[in-house]
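A structural walkthrough
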Amino acid sequence: MLLISRIKMHEISLVRNIFRTLEEEFPKDIPRIRTINLTVGLLSNVQPILMQNAFKVVIEDEPQYNQMCLNVIVLPILIHCDDCGKTSEVEKYRFVCPCGKPSRNVIQGEELLISSVEFDDVENNIK
Ligand SMILES: [Zn+2]
């Protein structure tokens, strides 16, 4: 534990924050949660693999979360061009619209949120 890097500490505190949020949102249903779907934009500086590693580390400390798994959904960066009105995906951090105009008008890519939570008996409820 002493060798954990600063980056990993960052991810660990994110995972702890996720658990605290779930405790606030679903105080009675924590044992029923099976999957946490986390949406992260490419600009949020959250690496899925580091999140998964941090998730394992935190679960060792907080075994009540043992039954959960983390699913990280990465969103590409989208910019909107005020010049031509188009929305396009940023590749290799080049914030330039296909029309040639640079744009810093980011409309997707900075997300860091719990997009949904799946409970163990959701399927049973649907049937
Ligand atoms: Zn454009």
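Definitions and limits used
- Residues numbered from 1 in each chain as written.
- Predicted model: local features only at pLDDT ≥ 70, side-chain atom pairs only at ≥ 80, totals over all residues.
- Heavy atoms only, no water.
- Helix = DSSP H or I, 4+ residues; strand = E, 2+ residues; numbered from the N terminus.
- Buried < 20%, exposed > 50% of the residue type's maximum accessible area, 1.4 Å probe, protein only.
- Contact = heavy atoms within 4.5 Å.
- Salt bridge = Lys/Arg side-chain N within 4 Å of Asp/Glu carboxyl O.
- Pairing = 2+ DSSP bridges.
- Axes fitted to C-alpha atoms, helices over the stretch in contact; angles between N-to-C directions.

1. A short note on the environment of Val117
With respect to the helices and strands, Val117 occurs in strand E6 (residues 112–119). According to the relative accessible area criterion, Val117 is buried, its value standing at 17%. Considering only alpha carbons, one finds Val117 and Leu38, 79 residues apart in sequence, at a separation of 8.7 Å. Sequence-distant contacts of Val117, defined by excluding residues within four places in its chain, comprise Leu22, Phe26, Ile33 and Thr35.

2. Regarding the pattern of salt bridges
Following the criterion strictly, the structure yields 7 salt bridges and no others. Residues Glu62 and Arg20 are paired through a salt bridge, measuring 2.6 Å at the closest nitrogen-oxygen approach. On the criterion of sequence distance, the pair formed by Glu62 in the loop between helix H2 (48–61) and strand E2 (69–75) and Arg20 in helix H1 (residues 6–25) is long-range, its members being 42 residues apart. As a salt-bridge pair, Arg32 and Asp120 come within 3.7 Å of each other at their nearest N and O atoms.

3. Brief notes about the sheet that holds strand E1 (residues 33–41)
One open sheet holds the 3 strands; their spatial order is E2-E1-E6, and the pairing between them is mixed. The strands lining the two open edges of the sheet, one partner per strand, are E2 and E6. Along the sheet, successive strands turn relative to each other by an average axial angle of 20°, direction set aside. Relative to E2, E1 runs parallel, the two sharing 7 bridges. Opposite Ile36, over in E2, you have Leu70 as the bridge partner. Relative to the sheet, H2 contacts E1 and E2, its axis offset from that of E2 by approximately 165°.

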